[in-house]
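Architecture at a glance
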Amino acid sequence: MMKENIMFEHKHPFSLIDLWSEQLQREAESEEDEEEKDDVLIAKQDFKCLCSRCGEEINWYHRYYYSCCHCSDYSVHKFCAELPKRLEDVCEVGHTLHFIQSHHWMDEWNCKDDWNCKICGRYHKCGDLCYRCNRCYFYFDVNCGTKVLQKNVIHHPIHKHPLSCISKQLLDKCDACGKEHKGNFYHCSICLWSKMIHSDCAFLPQKLQIQDTTNDVFSHIHHLTLAYSFPLDDQNSKNWPGCRVCRNGFRDQSNLWMYKCEKCRYYTHLDCATSGDEPFLSILKSPGTSSKNYKDDEHVDLLHLPFPDPSYSILKHLFSMEKGLSTLEISNKITYKAQGIIHQHPLILEDITIPTSSRKKSISYHDPMKRIQLLCDVCVRPIMSGPIYVCADEVEEHCNFVLHEWCSRLPTELRDHFHHPHPLILHSKTPGDKFFGVFKCDICALPCNGFAYCCEECEYHIDVKCAFIPKEITHASHPNHLLSRVNCTGEDKRCSMCWGDMNGLIFSCHTCDNFRVHSNCALLIPETTTHKCDKHPMKLSYFPIENHKSDYFCEICEQEFDPELAFYHCRECMQSIHTACAPSILRYETHTTTEWFYDHRNAIHKFVNVKFGGTYENTEVHPHPLSFVQGIEDDGECSGHDCDYRDLQYRMIFKCLDCKFVLHYECCESMSSRYI
């Protein structure tokens, strides 16, 4: 639409431009590609030019402006173009003010000086537009004129009416970000809408790339969309997500603005998304700042977690001689002494991939894809490569003792341990009356039947993994920050990987108050894993997957899980599994139910430190041998007469393979103690 002579200071006609028109038209076309809509909106919202009347910026939120049909550099806000030629009752004595160019009254005074607005004090050159009273010589600039008349308006998607800029600067709380600001605020002067929006928030972009506004500290493949609330019901349906920048939640900020990508469940606070761009919005950028909080030369042997795959462990890291394997003699000779290892039979150091092995009984390495399980009897971690120690006693082929070569180097005694004041002695079976060699570790609280370091005086037992928890680590879930081992005593804090309660030894970041992780989550959850449910390696993820907005379900246990917590995911097949279900390679039913661990949120398999197998023989309990296994649904109910919890699924059980007799581990232990 063209208008002639609407501004006295400019002789050319003007066209009225609507910055929203193309966007509204595209939104009405349902077949329009969503990404194309975003591109159009971004192009429009990036539009900026200066108003030739007030000198202020014209942008997408102003929506309407006039553009000269002949001059490419002459544009005016719609409200500036439509200012009245005179104002009544504005000055203190009620005189009329005229809208003029300042050189008119400068000529009257025979003066060509520059001038300052009587309201805001802004500097102006001779010839700039102003409102002036010819009787009392009161004058002010166009910008103040629009505010006095409440004509300085923006069109914002948050409200149906135009929002007017309050004429005076205020120190008040902004209803968009929830913070206190000083400056110009926008409000609705038409209805009773009570919100006050600070100008910095009012002009935030509808779409942004977070890498552009955080100086590449954080990044995301999609544009983030400005949202004007995050209702509690929506937060609940998304498992109460946290901000991807600061990790804090949105529960107490459900009515505040935020940025989000619904395609990927990516959510950030306003200030977090714009921390590198807006001077009034500055935060400590954590986790994962671009600069380290430690020096490499001061931490030469620092352990970087997670381990690459299940074959790695803290013991391999400390005691493996992989660098010297080429000189290691592997000749299938009987070795009667493996350092520190207590076993009743001789041990052979061999590589089972060498076809010259003299063993009559074949051994296969641990392979989840083939459902082959081979666990070390010392650390109960998978054996996926050689060399290894195996039992030389093949009489009746009844001994399947096997261990990593590096586990043979474990020290027989630990002194000055970080968790216990007395010397700790290495035992193949915990001393005392631990039934079937199963004990509860005094550090991680998990059941274990591997080797243990013990203090008999204090009846203190820890598994060999917990005996060597490092003092400091780094972890990919919190890059570039040093995590230190601390003893947490029931504080109201949560693990950043599993959201479980913090109690016992954990790793904590001293730079970021809101990041801490269980020692088990850090040391026992590798970066990649393989499982029969997927032909590809699955990678550990700490956040929802990009381009995956639907709910997440574990392929093994088929339960829904929270993608804000650590889980494994295959990008090729778009399949996911719990970290706790990953070790369940033999049966789909041997996962650990979510009722088990860490306040119904389990990251570690309940029996990750238990090597099932072997038989228990006691004719007083049952005439047939009982196999030590993990219970599944088909096992039915416990045969113990005094059992209070009959269900066997997800429990350690003893099962008769000849009949249907089956007992909980605790019931078998109780019955056995009666016949000692």
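Please refer to the structure placed before this passage.
This one's a predicted model, so the numbers in the text were calculated from it and none came from an experiment.

A word on the nonpolar core. Side chains of a nonpolar character, in soluble globular proteins, are inclined to be buried together. Counting 86 residues, the largest nonpolar core has L315, L410, Y453, V464, F468, M497 and V517 as its most contacted members. F14, C144, A176 and F185 belong to the second-largest nonpolar core, a separate cluster that totals 68 residues.

On the surface, a cluster of negative charge is contributed by E633, D634, E637 and D647. For D634, the location among the structural elements is in the loop between β45 (626–630) and β46 (652–656).

In this section: the sheet that holds strand β14 (residues 163–165). Within the open sheet, the 4 strands sit side by side as β13-β14-β17-β18. Their pairing is antiparallel. Edge strands, defined here as strands with exactly one partner in the open sheet, are β13 (153–154) and β18 (197–198). With 2 bridges connecting them, strand β17 (residues 185–187) and β18 associate as antiparallel partners. Pairing of F185 across the sheet is with H198, part of β18.

A separate point is helix α12 (residues 665–673). Every α-helix carries 3.6 residues per turn, so stepping three or four residues along brings you back to the same face. Along α12, the positions that sit buried rather than exposed are Y665, C667, C668, M671 and S672. In a view along the axis of α12, the buried residues occupy a sector of 165°, so they form one face of it. As for α12, its buried residues are in contact with β44 (615–616), β45, β46 and β47 (662–664).

Another aspect to go through is the environment of R494. For R494, the location among the structural elements is in the loop between β35 (483–488) and β36 (504–509). Overall, R494 belongs to the partly exposed group, its relative accessible area being 29%. The spatial distance from the C-alpha of R494 to the C-alpha of H518 is 9.0 Å, given a sequence separation of 24 residues. Polar contacts involving the side chain of R494 include one to the main-chain carbonyl oxygen of W499, which spans 3.1 Å. In this structure the side chain of R494 is engaged in a polar contact, spanning 2.9 Å, whose partner is the side chain of D501.

Looking at chain direction, strand β23 (residues 303–305) and strand β34 (residues 472–475) are connected through 3 bridges and run parallel. For L305, the partnering residue across the bridge sits in β34 and is H475. Relative to β35, β34 is paired through 2 bridges, and the arrangement is antiparallel. If you follow E472 over to β35, its bridge partner there is S484.

Relative to the helices and strands, D377 resides in the loop between β25 (347–350) and β26 (388–391). Looking at D377, its side chain comes within polar contact range of the side chain of K611, at 3.0 Å. If we ignore the near neighbours within four places in the chain, the residues touching D377 are N400, F401, V402, G450, F451 and K611.

In this section: empty space enclosed by the protein. To find the voids left in a structure, one rolls a probe of water-molecule size over its atoms. If you walk through the whole model with that rule in mind, you get 2 cavities of 30 Å³ or more. Every residue along the wall of the second largest cavity is listed here: V378, C379, V380, R381, C448, G450, F451, D463, V464, K465 and N609. Here the residues of the lining of the second largest cavity are counted per class, giving 6 nonpolar, 2 polar and 3 charged.

This part covers the state of the cysteines. Per the stated rule, a full pass over the model turns up 0 disulfides. Unpaired in this structure, C243 has its nearest cysteine sulfur neighbour in C272, at a distance of 3.7 Å. Free cysteine: C557, not disulfide-bonded; nearest cysteine sulfur from C554 at 3.7 Å. Among the residues examined, C557 registers a relative accessible area of 12% and is labelled buried.

Next up on the list: the packing of aromatic side chains. Counted by the stated rule, this structure contains 32 aromatic pairs. For the pair W60 and Y61, a centre-to-centre distance of 5.0 Å together with 80° between the ring planes defines the contact as edge-to-face. We note that W60, like Y61, is buried. Among the aromatic side chains, those forming a connected cluster through ring pairs are F435, F436, F607, F612, Y616, F628, F654 and Y665. The positively charged end of R251 is found above the aromatic ring belonging to W240, 4.0 Å away from the centroid. The ring of F418 is capped by R485, whose NZ or CZ atom sits 3.8 Å from the centre of that ring.

With the rule as written, the count across this model stands at 13 salt bridges. A salt bridge links E666 to R651, with the nearest nitrogen and oxygen atoms 3.6 Å apart. With E666 in helix α12 and R651 in the loop between β45 and β46, the pair connects residues that are 15 residues apart, well separated along the chain. With relative accessibility at 37%, the residue E666 sits in the partly exposed group. R651 sits in the buried class, given a relative accessible area of 16%.

Cut-offs and rules
Residues numbered from 1 in each chain as written. Predicted model: local features only at pLDDT ≥ 70, side-chain atom pairs only at ≥ 80, totals over all residues. Heavy atoms only, no water. Core = buried A, V, L, I, M, F, W, Y, C linked by side-chain atoms within 4.5 Å. Buried < 20%, exposed > 50% of the residue type's maximum accessible area, 1.4 Å probe, protein only. Patch = residues over 30% accessible without salt bridge, like charges linked within 9 Å, V, L, I, M, F, W, Y side chains within 5 Å. Areas by Shrake-Rupley, 256 points an atom, 1.4 Å probe, with all protein chains shown as cover. Salt bridge = Lys/Arg side-chain N within 4 Å of Asp/Glu carboxyl O. Lys, Arg positive; Asp, Glu negative; His and termini not counted. Charge placed at Lys NZ, Arg CZ, Asp CG, Glu CD. Helix = DSSP H or I, 4+ residues; strand = E, 2+ residues; numbered from the N terminus. Pairing = 2+ DSSP bridges. Arc of directions from axis to C-beta. Contact = heavy atoms within 4.5 Å. Polar contact = N/O pair within 3.5 Å; in protein donor to acceptor, adjacent residues only side chain to side chain. 1 Å grid on protein atoms, 1.4 Å probe; cavity = no way out; pocket = protein on both sides within 12 Å on 5 of 7 lines; lining within 4 Å. Points joined across faces, edges and corners; volume = space filled by probe spheres on them. Nonpolar A, V, L, I, M, F, W, Y, C, P; charged D, E, K, R; others polar. Disulfide = S-S within 2.5 Å. Phe/Tyr/Trp six-rings, centres within 6.5 Å; stacked < 30°, edge-to-face > 60°. Lys NZ or Arg CZ within 6 Å of the ring centre and 35° of its normal.

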